[in-house]
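Residue-level structural notes
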Amino acid sequence: MSKTFCPIPWIFQAPRSNGDLRVCCQANSSEDYGLIRKPDGTPYNAADDYLEESRNADIMKSMRLNMLEGKWSSQCIRCRTEEDNGHHSRRLAENKDWWFDIDEARKVTAEDGTIDGVAIQYYDFRFGNKCNLACRMCGPSDSDKWYEDWEKLVGPKFFDNGGEEITIGDNSAFNWHESEYFWKQIENNLSNIKRVYFAGGEPTLIQKHYTFLEKCVEVGQSSKMTIEYNTNITTLPKRLLELWTHFKRVIIGASIDGYGDVLEYQRYPVKWDKVYNNMLKIDKLPDNVRCWFSYTVTVFNVHHTADFINWVDEQQFSKLNRVKHHMAFNPPYLNVQVLPDEYKKYVTDRLDVDDPICKSISKYMNSKSLNKLHWHEFEGITTKLDKIRNQDITITLPELGKYVKKI
């Protein structure tokens, strides 16, 4: 197998929360955010542009050729870094999940990287930024719940991941999924769709997500489809649970990064009791539902990882019995590599258990230091946000909090 091949550039499409098309969510860690641009430099946007045209943009052709030649593209830096540190990257997961391999890719790819007649089978849909949480590693581009705190912390404007300046309260960029032109294109390709990944915002709060599921059921495509969620599991409407019964497979990645106070601090203003009760509901869903914990590793919970894995084992859930982790590469002041060396030693000892997740996190954390570049930024933002939210890192996370100078 090629050490760089991934089926994503051939069979996949991914609008961001503002509708701009990107290679995939992993490419968000690259310098150009993985945005797919037109010849004039502006990003293709799912609200107004012909989706098929974007598939043969220069960045897509270049990535395909690099993969076929065994080279890494700059947009693939996250998967490359994860694999170098022993993590199970998205690239490896996609190669396992899809029949579309490098031999098939060679058959359908022209010398310049162009493809023609290869249907999109896999979508990553992020229908805006409506959410009910304002997680510390997130921001207003992905959660409108952040607006009020962001204005107090930074000001009335923010830059989304593509560099566009947006005024808080102006949600026009995040309403792209109301476009009739976009939905016409999706409906024309409905019979080819095998998998859809929903993230947000919080997908369970967004009406168009339900409209799409109902359309899939109506035309009989749902029984052939897998739908996957990145969800904070704060809400499980009966309407959604009924719709899920019509799909071939439903995969729930429950965004839970710890238990008790650790979770409540990182994923403000979530309430532990509420999400725990929803865990119990999810664990009793029908056989077509698979699920796991999607654990985002940041400076706030890296010390807690082994404890959380042990806690999951102790619960003896029938479905929610696995932890899949991913590192928070951005913002850099929440990347575990920013931690002071003394605290890294403390965390390394806590991660010194016979578990591959803990070993890979420890290896990544100790492979580089971002402390001089971003620790002061971490102190400033953390202490200011603590004041805004009436939280206190020195109380909730005392071992980490003692390194924080309040600003």
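Everything that follows concerns the structure shown earlier in this document.
What comes next is a walk through the structure. (Residues numbered from 1 in each chain as written. Predicted model: local features only at pLDDT ≥ 70, side-chain atom pairs only at ≥ 80, totals over all residues. Heavy atoms only, no water.)

We now examine the pattern of salt bridges. A side chain with one charge can pair with a side chain of the opposite charge if their charged atoms come near. Summed over all chains, the structure comprises 20 salt bridges. The partner of Glu82 in a salt bridge is Arg78, and the shortest N-O contact between them spans 3.2 Å. One end of the pair, Glu82, and the other, Arg78, are both in helix α4 (residues 77-84), 4 residues apart, so they sit about a helical turn from each other. Arg78 carries the same exposure label as Glu82, and that label is buried. Here Glu218 ties to Lys215 by a salt bridge, and the two come within 3.7 Å at their closest N and O atoms. One end of the pair is Glu218 and the other is Lys215, both in helix α9 (residues 207-218) and 3 residues apart, which spans about a single turn. With relative accessibility at 62%, the residue Glu218 sits in the exposed group. Owing to a relative accessible area of 26%, Lys215 belongs among the partly exposed residues under this scheme. Residues joined in a network through salt bridges with shared partners are Asp97, Arg195 and Glu228. (Salt bridge = Lys/Arg side-chain N within 4 Å of Asp/Glu carboxyl O. Helix = DSSP H or I, 4+ residues; strand = E, 2+ residues; numbered from the N terminus. Buried < 20%, exposed > 50% of the residue type's maximum accessible area, 1.4 Å probe, protein only.)

What follows covers the layout of surface pockets. The space that makes up the second largest pocket amounts to roughly 260 Å³. Lining the second largest pocket are 14 residues, and of these Phe329, Asn335, Gln337, Tyr364 and Lys368 lie nearest its centre. Taken together, the residues of the lining of the second largest pocket sort by class into 5 nonpolar, 7 polar and 2 charged. (1 Å grid on protein atoms, 1.4 Å probe; cavity = no way out; pocket = protein on both sides within 12 Å on 5 of 7 lines; lining within 4 Å. Points joined across faces, edges and corners; volume = space filled by probe spheres on them. Nonpolar A, V, L, I, M, F, W, Y, C, P; charged D, E, K, R; others polar.)

In this section: the pairing of strand β7 (residues 226-231). Residues in a regular strand project their side chains so that they alternate between the two faces of the sheet. Burial within β7 is extensive, with 5 of its 6 residues counted as buried. Note: β7 against strand β8 (residues 249-254), 6 bridges, orientation parallel. Residue pairing for β8: Ile227 is matched across the bridge by Val250. Where the polypeptide runs from β7 across helix α10 (residues 238-244) and back to β8, its parallel neighbour, the crossover connection is right-handed. (Pairing = 2+ DSSP bridges. Right-handed = clockwise from strand over helix to strand, strands pointing away.)

As a further point, take helix α3 (residues 58-68). Across the 11 residues of α3, 8 count as buried, placing the element largely inside the fold. Turning to α3, its buried residues number three or more, namely Ile59, Met60, Lys61, Met63, Arg64, Asn66, Met67 and Leu68. Looking one or two places after α3, you find Gly70, whose phi comes out positive at around 80 degrees.

Scanning the entire structure with this criterion turns up 0 disulfides. Of the cysteine sulfurs around Cys138, a residue in no disulfide, the closest is that of Cys135, at 6.0 Å. Judged by relative accessible area, which is 28%, Cys138 ranks as partly exposed. This cysteine, Cys291, is not joined by any disulfide, and Cys135 carries the nearest cysteine sulfur, 19 Å off. (Disulfide = S-S within 2.5 Å.)

A sheet is described by the order of its strands in space; here 8 strands give the open sequence β2-β1-β3-β6-β7-β8-β9-β10, paired in mixed fashion. One side of each edge strand has no neighbouring strand; the edge strands of this open sheet are β2 (21-22) and β10 (323-327). Strand contacts of helix α15 (residues 356-366): β9 (289-297) and β10, with the helix running at about 5 degrees to β10, the strand carrying the most contacts. (Contact = heavy atoms within 4.5 Å. Axes fitted to C-alpha atoms, helices over the stretch in contact; angles between N-to-C directions.)

Let us look at the environment of Thr245. Mapped onto the elements of the fold, Thr245 is located in the loop between α10 and β8. Spatially, the C-alpha atom of Thr245 lies 15 Å from that of Phe212, the residues being 33 residues apart in sequence.

By the definition in use, this model includes 39 aromatic pairs. Pairing Trp183 with Phe212 gives two aromatic rings, centres 6.0 Å apart and planes at 35 degrees, and the pair type is tilted. With Trp183 in helix α8 (residues 180-188) and Phe212 in helix α9, this pair connects stretches of sequence that are 29 residues apart. Looking at Phe212, the relative accessible area reads 3%, which means it is buried. An angle of 65 degrees between the planes, with centres 5.4 Å apart, marks the rings of Trp272 and Trp311 as edge-to-face. (Phe/Tyr/Trp six-rings, centres within 6.5 Å; stacked < 30°, edge-to-face > 60°.)

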